[in-house]
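Below are the chains, spelled out letter by letter.
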Amino acid sequence: MAAMAAMAAMAAGDMRCLEDAIAPAARKNLSNAEGESYPLGIWVSSWASGELTAKMAQILIEEKMGFHVRTGVGTVTLEQLWAITGCKTPRNRSDPGCGSDGPKQTYFHVGLEGWTNRNAEIWDLIQTNFPTTAPVNLGHIGYDGQSGQFISLEVMQRAYRATGLALEFYRSYDAAWNDPGVHFDRITAVDSSQLKPCNETMLSESSIMQKYAELTGDWDGVEEVDGKVRGKCFSEHFWFPPPCRADATKCFLFITALGYEFEVTMQRATIFNMPIVPVDAKDWDTYARLPKTVTSLFFWWQPDPTFLGLNAKMVSFPSFNRTDFARGLVTSASTGIQLDKYVSRDLDVLAPRVRELISAFYLSMDALNQLLLTQKIHSSSAMEVACSWLQSNRKIWEQWLPDTTKCFAQFGLFNQVTEVFVDNREGDVSNLLCKACPSGSFSTYIRDDKGLTHVCKPCAVGHAQTSGASTACGPCALGEHQEELGASFCRRCTFGTYQNVTGQSQCTQCPGERTTMGLGSQSLAECVCKTGSMDVDGQCLPCGKGLSCPIGSTIAGLTLLPSANVSNLDVERPFIKPGFNSLPEAPLTIYQCRDHCPGGAPGTCSFGRIGAVCGECPAGTFASSLGPCWRCREHTAALWLTVGGVVLLPGMFLAYHLLTKPYTAKNEVSGVVGCLPGLFVETVQNLLVISAAPTTWPPVMIGMATYASVVTLNLEALGLACIGSMGNIGVVARYFCQTLVFPSMVGILLLTFGFTRLLPRVTRGFCSCAPRAMVCYDRLARIFHIPPVPPTAYSWTWCGTVCVIGKFCQVTFPTMANVGLSPMMCYKHPGGQQHSLTKYSNTFCGSGDHVAMLIVGSVLLSFTTGFLALCIWVACKAPQFSWQGQAAVKFLFADFRPDIAWFGIVALFRGLFLSLPSVAVPNRPNVQLVLLHTVMLLSLVLQGYCQPWKSPAVNLVDATSHFLFLSLLGLGLVGLESESDWILDILATSVCIGLLVVFGVVISVFALVMIMEKLGRAIGKKWANLGDVPESRVLLRLLQNLASSIESSDDLHSVEAAMDELGTYDVRMILLCLTILEMETGLSATSSARHKRAISQTSRLSQLSSQLSESSRIGAGRALASSAVSKRRASQYTVMQRASPQDLLAEHGLPGDLAAQAPEVQLVDLDNKGQNDADVLPDPTNLVSVSG
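Just so you know, these numbers come straight off a predicted model, no measurement behind them. (Residues numbered from 1 in each chain as written. Predicted model: local features only at pLDDT ≥ 70, side-chain atom pairs only at ≥ 80, totals over all residues. Heavy atoms only, no water.)

## Considering the overall build of the protein
Piece 1. A count of helices and strands for the protein gives 36 helices and 36 strands.
Piece 2. A buried classification covers 46% of the 1188 residues belonging to the protein.
Piece 3. In the protein, the proportion of contacts linking residues at least 24 apart, taken out of those at least 6 apart, comes to 63%.
Piece 4. Here the protein has roughly 58100 Å² of accessible surface; of this, 58% comes from carbon and sulfur atoms. (Helix = DSSP H or I, 4+ residues; strand = E, 2+ residues; numbered from the N terminus. Buried < 20%, exposed > 50% of the residue type's maximum accessible area, 1.4 Å probe, protein only. Contact = heavy atoms within 4.5 Å. Areas by Shrake-Rupley, 256 points an atom, 1.4 Å probe, with all protein chains shown as cover.)

Laid out in structure tokens, this is it:
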């Protein structure tokens, strides 16, 4: 009844078998040393007895031991052995998946009913090759495995009653004494179709049959077919032994399957004279059915439920003869095979109580057969039968359970209710069990009245145990400590501490300002200087700016660095940062470089530079514009000077020609082409000035500044240092030569003036002796509409020479100011004890060289400021100058609009102010950049408000260059925060390229337009004015219509009211237009006082423009092409339209026959009726001014 109840409970889905079972939620997994958690694994053999014993063990492990269980199924013991070893594919007999290095972890821990003897070779192989994971054999399971020839109990009893034969003994089957066949069915009782034919049984195995004949001598029982020995077959299914070979009616059957005991039966039948005919059932089902329907002997093994209902007994034979078995004679009885229990090698650590349970597991053959019979009768599952047996036989299996308080080494007493480890077995022990000691504790034994057991105790301070299930705690190693009890690990000494003794609770602090390079330091020697300081003679001294001192820096590590770029250095060693340097003899004295200092070891300079700040080139070399030091060649400086002279000479005459052209307020293409190069040179100079600001500039900008240094008359880049005996001249001499460039250029221009004035005949002779050249020039002049140039045009005038000198000083003013201020630009080196000049960084401020440079620079600066003051005075007084004086100062106003003619002063101040931040705040890069940004921003505001250039196109180019400069300065401010940023590099590079593109494209376009205009294509005005400008007659017609409309209007009050609604700028623009018309055309109108004031203001602004126009015409010796001498100031020059030359001479007190008295004096028809500029003699020395 109990069994039936258990089966019903299991069938109903109640997974618990025992009443006092541990609930599934309270069960646990195994945990290994690595912290991995997984269920306990049982490998189940797929035969009936293997399943039953495995399910019994599973129920006990789950419900009494409290572990989660997983199962795996295999068909043979071999697979069970591979699985418990830890191989991944145990069912694959060719490759069980053990790996070349063997399994590391197994997930199956228990296996029952293992046929060890049958797999002895595999067992030995596993134990040899995989000793760390090989299974452990816990011994006999309680019953043996046996197989052989069986006879049912009913047949055996019937024969005994009938003839007294004991058919369980082999002697009873001897045909010479008995007729055992009468107790069995004849061979004809079996349908031969249910048997395998002879050719499918062992009778067709030539080697087996050969051995049979040799061992038994029964050659009549075999035959040779096709050269192979086979068993002699009768009726295609039977082989008859010698006792009944002559009379088959005396034979009876031995039924087997898969050939089991076939050969054994043949040997026994022949040797023991037994009339037994072995047959092989065609399949397993036939084999399981035939012994139940046919009276015969049959093959069977135990434990197995197949023939349990027959109560069969195994026929006994002579005892096992090892010698006979060794030579193939298997007539003696085989030994019983001990069936064993296996566990994994690590189960003793993971679950020792489970190991004890399996070790004590013992089941008799009778009990097992009863279980098998019950399962067969009730067709129950193995789990149901195992549960029923456990419920009915509690006293048996309770003896298998281990004492929960008997703990082995690596385990300790644990109270599962309070979930704490205890150190004794006093009082109630029902809740105590053994559990592996956790990390931070160790297992030690105690002895009490119940015997020996183990408890877990915490590790002492200075000790730890990481893995758990250990019998001792290890002392903390060097560099470690532990101040707590029961620690699972030792703590490494923190930064700044060390420990040179094992088993300690604390670490020792490093002395002073020292620390350690990492955790776990083991000695005082590992205490090093902290980051940002360096060990100097045993003391940690702070590292200054420019020196990178990682943790553990020493002065020896700094000086032993290879001379290489910083990117190749070991980051754990100190090094000098890029942009700084020091001398090998004083490595801690850091100097800040302006360039050519890649960092690394002391004394490391790039491009062959030398010196504390890498600012000098070795003797016999000079600093090229590209940066490297180039070797001085013979006549290097002379060569550059010669090349400069060749370029300078035509440049001076070209400048003179452009600057002495008549001034006009109108915007001409030639004027645009003339002013753009000057604007470009000024822009390049400004770029050079801001590139000296101490920030991170893109390589493209540095390259542009380097190449453009020649434009700023940087003689150092031209080999100035090579003057002398192929050696370097001093920095003072080089600076002095640099400052001499500007007065020298003025002197050259004055000498040119004197030369052209003293040798006019030479120039005439030159032209007369080169008629072919003049013919070519005349042809080109006719093509490009250029007036012919007489020989006297090569003579320079004084006012023209002064104008060229002024233009030179104006264009080079930013450089002149920067050079003059250079000795005043002192920046501070790290530490603040020394200062160097920004441009001459190897020269220290306060030195003798510096004082000498200050004197020279002050002289140049005086010249520069004097020129600036002169220009300011000229801007204020120019309207009062004579025409010669106005022609001399035309350089200051020629490119600007008449009303904004003073804007050249703004450009001069901008050039000066761009250099002043480096003087005022040399050690504050951010302030320098902000000041530079402010200067350029103010300049842009003024430029945008005034739009001073006569050409709108030039105004646009100037505004664009201002914008790009401001962008560069903004990127420079960002560059202070980052040494390298590819995004900033791309942006800054784009800005620099934009500068070049703007000027390059604009200059090229206007030069092309000028050439096309000379060829007769009048498109220049549209380009220069950025659009069309209406013609004068169109404007005049509009004015006439407007005047007529006003005069004819009957409601002027409405017009006045509408004008009151105009905006301020609109009103001012109308007033300005009226004033310009009145001043330029000579028209007059009745004006209010306010209008008169406006006219007066505009008159002062346009007065200078008017005089410049006239003086430039007179100074250049060209006749006016307009209908009046002056378009702007009729009061300054008396102009009589349509008057004869004699009338003009008489009006001004000159004799009427002046032309006859002085032929060299030429009269100019100022009215210019019927003439053009090409018809007028342009010799200024022969021109008579009508103003006297």
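## Topic: the pattern of salt bridges
One side chain can pair with another of opposite charge once the charged atoms of both are near each other.
Piece 1. On inspection of all chains with the given rule, the structure shows 13 salt bridges.
Piece 2. Where K64 meets D20, a salt bridge forms, and the shortest distance between an N and an O atom there is 2.7 Å. Of this pair, K64 sits in helix α2 (residues 48–65) while D20 sits in the loop between α1 (2–11) and β1 (30–31), placing them 44 residues apart in sequence.
Piece 3. Judged by its relative accessible area of 38%, D20 falls in the partly exposed class.
Piece 4. Note that R327 and D324 form a salt bridge whose closest N and O atoms lie 3.6 Å from each other.
Piece 5. D324 sits in the buried class, given a relative accessible area of 17%.
Piece 6. Residues joined in a network through salt bridges with shared partners are D20, K64, R394 and E398. (Salt bridge = Lys/Arg side-chain N within 4 Å of Asp/Glu carboxyl O.)

## Some remarks on the UniProt feature "domain: Tyrosine-protein kinase ephrin type A/B receptor-like" (unreviewed entry) in the protein
Piece 1. UniProt records the feature "domain: Tyrosine-protein kinase ephrin type A/B receptor-like" (unreviewed entry) for residues 489–527 in the present numbering.
Piece 2. Taken end to end, residues 489–527 is 0% helix and 26% strand, and its two terminal C-alpha atoms sit 24 Å from one another. (UniProt positions renumbered as here; feature names shortened; annotations may be inferred.)

## Structural notes on the side chain of T515
Piece 1. Along the chain, T515 turns up in strand β25 (residues 514–516).
Piece 2. The exposure class of T515 is buried, given its relative accessible area of 11%.
Piece 3. In this structure the side chain of T515 is engaged in a polar contact, spanning 3.2 Å, whose partner is the backbone nitrogen of G496.
Piece 4. Contact partners of T515, with chain neighbours within four places excluded, come to F495, G496, C510, E526, C527, V528, C529, K530 and I551. (Polar contact = N/O pair within 3.5 Å; in protein donor to acceptor, adjacent residues only side chain to side chain.)

## Thoughts on the sheet that holds strand β14 (residues 411–415)
Piece 1. The 3 strands lie next to each other as β15-β14-β16, forming an open sheet whose pairing is antiparallel. For this open sheet the edge positions go to β15 (420–421) and β16 (432–436), each flanked by a neighbour on one side alone.
Piece 2. Where β14 meets β16, 5 bridges bridge the pair, whose relative direction is antiparallel. Each bridged residue has a counterpart across the sheet, and for G412 the counterpart in β16 is K435. (Pairing = 2+ DSSP bridges.)

## Quick word on the state of the cysteines
Piece 1. This structure, assessed with the given rule, holds 16 disulfides.
Piece 2. Bridging C407 to C434, the disulfide has an S-S length of 2.0 Å. The disulfide joining C407 to C434 has a torsion of about -95° about its S-S bond and is therefore left-handed. Of this pair, C407 sits in the loop between α14 (394–398) and β14 while C434 sits in strand β16, and the two are 27 residues apart along the sequence.
Piece 3. Given a relative accessible area of 11%, C434 falls into the buried group.
Piece 4. The partner cysteine of C437 in its disulfide is C456, sulfur to sulfur 1.9 Å. Classification of the bridge connecting C437 and C456 rests on its S-S torsion, roughly -90°, and on that basis the disulfide is left-handed. With C437 in the loop between β16 and β17 (441–448) and C456 in strand β18 (residues 451–458), the pair connects residues that are 19 residues apart, well separated along the chain. (Disulfide = S-S within 2.5 Å.)

## Here's the deal with the packing of α2 against helix α11 (residues 352–360)
Piece 1. Here α2 crosses α11 at 140°, and the two axes come no closer than 11 Å. One way to sum up the angle between α2 and α11 is to call them oblique. Helix-helix and strand crossings are classified by hand; for α2 and α11 the assignment is right-handed. Counted together, A57, L60, I61 and M65 of α2 and R353, V354, L357 and I358 of α11 form the full contact between these two elements. (Axes fitted to C-alpha atoms, helices over the stretch in contact; angles between N-to-C directions. Parallel < 35°, antiparallel > 145°, perpendicular 65-115°, else oblique. Left-handed = near helix turned anticlockwise from the far one by under 90°.)

## Here's the deal with unusual backbone geometry
Piece 1. Residue P303 is bonded to the preceding Q302 through a cis peptide linkage, with omega at 5°.
Piece 2. Structurally, the position occupied by P303 is in the loop between β11 (297–302) and β12 (313–314).
Piece 3. Positive phi values are uncommon outside glycine, yet D226 reaches one of about 55°.
Piece 4. As for its placement among the helices and strands, D226 is situated in the loop between β7 (222–225) and β8 (228–231).

## Structural notes on helix α23 (residues 813–821)
Piece 1. Among the 9 residues in α23, 9 count as buried, and that is most of the element.
Piece 2. If you check which residues of α23 are buried, you get F813, P814, T815, M816, A817, N818, V819, G820 and L821.

## Some thoughts on the pairing of strand β6 (residues 136–151)
Piece 1. Across the 16 residues of β6, 12 count as buried, placing the element largely inside the fold.
Piece 2. Relative to strand β13 (residues 337–343), β6 runs antiparallel, the two sharing 6 bridges. Looking at the pairing, D144 lines up with Q338 of β13.
Piece 3. Of the pairings in the sheet, the one linking β6 to β11 comprises 5 bridges and is antiparallel in character. Note on β11: the bridge partner recorded for F150 is F298.
Piece 4. Taken together, the 2 bridges between β6 and β12 define a ladder with antiparallel strand orientation.

## A closer look at the nonpolar core
Piece 1. I61, V110 and V354 are the most contacted members of the largest nonpolar core, which totals 91 residues.
Piece 2. Here this core takes 8 residues from α2, the largest share from any one element.
Piece 3. If we skip the residues at most four places from it in the chain, V110 touches L40, G41, I42, W43, I61, I84, Y342, V343, L347, V354 and I358.
Piece 4. V804, F808, V856 and F881 belong to the second-largest nonpolar core, a separate cluster that totals 43 residues. (Core = buried A, V, L, I, M, F, W, Y, C linked by side-chain atoms within 4.5 Å.)

## Re the environment of T531
Piece 1. Structurally, T531 is set in the loop between β26 (527–529) and β27 (533–536).
Piece 2. Residue classification places T531 among the exposed residues on the basis of a relative accessible area of 61%.
Piece 3. Remark: the alpha-carbon pair of T531 and T515, spanning 16 residues in sequence, is separated by 9.0 Å.
Piece 4. One polar contact links the side chain of T531 to the main-chain amide nitrogen of I551, over a distance of 3.4 Å.

## Notes on the packing of α23 against helix α26 (residues 903–920)
Piece 1. α26 packs onto α23 with a crossing angle of 25° between their chain directions and a minimal axis gap of 8 Å. When the axis of α23 is compared with that of α26, the two are roughly parallel. For the pair α23 and α26, the sense of crossing is right-handed. Across the interface between the two elements, F813, P814, A817, N818 and L821 from α23 touch L908, G911, L912, S915, L916 and V919 from α26.
Piece 2. Residue composition of the contact of α23 with α26, by class: 8 nonpolar, 3 polar and no charged. (Nonpolar A, V, L, I, M, F, W, Y, C, P; charged D, E, K, R; others polar.)

## Let's talk about the environment of R268
Piece 1. Relative to the elements of secondary structure, R268 occurs in helix α7 (residues 262–271).
Piece 2. A relative accessible area of 5% means that R268 is categorised as buried.
Piece 3. The sequence separation of R268 and L329 amounts to 61 residues, and the corresponding C-alpha distance is 9.3 Å.
Piece 4. Ignoring any residue separated from it by four or fewer positions in sequence, one finds R268 in contact with Q149, E261, N273, M274, F317, V330, T331, S332 and A333.
Piece 5. In terms of polar contacts, R268 uses its side chain to reach the backbone carbonyl oxygen of S332, at 3.1 Å.

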